[in-house]
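Structure at a glance
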Amino acid sequence: MFLYLSKLLPLFFYPLGLACVSLVVALVTLWRRPRTAAIAIAFSLSLLLFCSNAWIAKSLVRSLEWQNLPAQIPNAEAIVVLGGATKSAFPPRPTVDLSEAGDRVIYAAQLYRQKKAPIIILSGGRIDWRGSGSPESADMATILTSIGIPSEAIVQEPDSFNTYQNAVNVRKILSSRGINQVLLVTSAMHMPRSLQIFQRQGINAIPAPTDFLVSEGELQELGSTPKAAILNLLPDPDNLHQFTTALKEYIGSLVYRLRGWL
């Protein structure tokens, strides 16, 4: 039940969900309380305009992504890859697809080929009501073996449904194998929360972030010309998505801290 509520309730605090709630209030109060309805409509419009402009969205994303900027990646005893990077092979897909966060899988393969660690631990199950199919660990393994990573170098952890469970279940694997130090691979925006959770479990995790949404070049382009500065103030669905994803991380950190997981 906690898992379900943890995915459902925050939706009403994200910009789109909150704007929808506000518009419902406007619809209900439109005839009897037009002033309240007008305030609710103005709030919805202001919220969406604020959260979907590039200046605000990219600043919020940057505040997370740039906390663990990649430096020289040292050698470790294992590479741990967190789920959220694949889509199961349901028709019309001919095979497993990589999602937007699929850089995690590719980066793990690159680190393995650079001999940064001898094994790759893939952590992630699949929540039934968010799309059935194979566990994400199995789907990631399919991708890795298809690009030449030997199956004997892959360890699957298919039972995790959130980042806390990733850390708890991976710790058990590390303990059973006597592994002390790992490279933690996940999206840059997800890294701050993930790293804290893994460290709270006593895991010596070195951040190896990937899937950066905001680069130095993109920040420079925001105000490169007066026209660009103005255009980046206009609403854009991609910006709204990035803002929402970053806000999700901050809300997740708050919830995890309240539960004692951070």
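Above this note sits the structure.
What you are looking at is a predicted structure, and each value in this text was computed from that prediction instead of being measured. (Residues numbered from 1 in each chain as written. Predicted model: local features only at pLDDT ≥ 70, side-chain atom pairs only at ≥ 80, totals over all residues. Heavy atoms only, no water.)

1. Considering the overall build of the protein chain
Of the regular secondary structure elements, the protein chain holds 11 helices and 7 strands. Taken over the C-alpha atoms alone, the protein chain extends approximately 65 × 50 × 40 Å along its principal axes. At a minimum sequence separation of 6, the contacts of the protein chain that also span at least 24 residues come to 72%. Accessible surface, the protein chain as shown: approximately 13,900 Å² in total, 60% of it carbon and sulfur. (Helix = DSSP H or I, 4+ residues; strand = E, 2+ residues; numbered from the N terminus. Contact = heavy atoms within 4.5 Å. Areas by Shrake-Rupley, 256 points an atom, 1.4 Å probe, with all protein chains shown as cover.)

2. Some words on the environment of His 241
Of note, His 241 is situated in helix H11 (residues 237-258). Given a relative accessible area of 43%, His 241 falls into the partly exposed group. Between the C-alpha atoms of His 241 and Ser 52, which are 189 residues apart in sequence, the distance is 7.9 Å. (Buried < 20%, exposed > 50% of the residue type's maximum accessible area, 1.4 Å probe, protein only.)

3. Concerning the environment of Ala 85
Among the structural elements, Ala 85 can be located in the loop between strand S1 (78-82) and strand S2 (86-87). Each C-alpha atom of the pair Ala 85 and Leu 222 lies 28 Å from the other, and the pair is 137 residues apart in sequence. Beyond its immediate chain neighbours, meaning those up to four positions away, Ala 85 contacts Asp 97, Leu 98, Ser 99, Ala 101, Gly 102, Arg 104, Val 105 and Glu 136.

4. A look at unusual backbone geometry
A cis amide bond links Pro 91 to the next residue, Pro 92, at an omega of 5 degrees. Along the polypeptide, Pro 92 turns up in the loop between S2 and strand S3 (97-98). A positive phi angle is found at Lys 115, which is not glycine, with a value near 60 degrees. Within the secondary structure layout, Lys 115 lies in the loop between helix H5 (103-113) and strand S4 (120-123). Lys 115 sits in the exposed class, given a relative accessible area of 67%. With a phi close to 60 degrees, Asp 211 is a non-glycine residue in the positive phi region.

5. Thoughts on the sheet that holds strand S5 (residues 154-157)
A sheet is described by the order of its strands in space; here 5 strands give the open sequence S5-S4-S1-S6-S7, paired in parallel fashion. A single partner strand is all that each edge strand has here, and the edge strands are S5 and strand S7 (204-207). Sheet twist, expressed as the mean angle between neighbouring strand axes with direction ignored, is 30 degrees. Direction of pairing for S1 relative to S4: parallel, over a ladder of 4 bridges. Looking at S4, one finds that Ile 79 is bridged to Ile 120. Here H5 sits on the sheet and contacts S1, S4 and strand S6 (181-185); the angle it forms with S1, its principal contact strand, is near 175 degrees. (Pairing = 2+ DSSP bridges. Axes fitted to C-alpha atoms, helices over the stretch in contact; angles between N-to-C directions.)

6. Some words on the packing of aromatic side chains
In this description, a pair of aromatic rings is defined by centroid distance and the angle of the planes. Applying the stated criterion across every chain yields a total of 3 aromatic pairs. For the pair Phe 50 and Phe 243, a centre-to-centre distance of 6.5 Å together with 80 degrees between the ring planes defines the contact as edge-to-face. Of this pair, Phe 50 sits in helix H3 (residues 34-51) while Phe 243 sits in helix H11, and the two are 193 residues apart along the sequence. Residue classification places Phe 50 among the partly exposed residues on the basis of a relative accessible area of 46%. Centre to centre, the rings of Tyr 256 and Trp 261 are 4.9 Å apart; their planes meet at 85 degrees, and the pair counts as edge-to-face. Its relative accessible area of 8% is what places Tyr 256 among the buried residues. Connected via pairs of aromatic rings, a cluster forms that spans Tyr 164, Tyr 256 and Trp 261. The aromatic ring of Tyr 256 is capped on one face by Arg 193, whose charged end is 4.9 Å from the ring centroid. (Phe/Tyr/Trp six-rings, centres within 6.5 Å; stacked < 30°, edge-to-face > 60°. Lys NZ or Arg CZ within 6 Å of the ring centre and 35° of its normal.)

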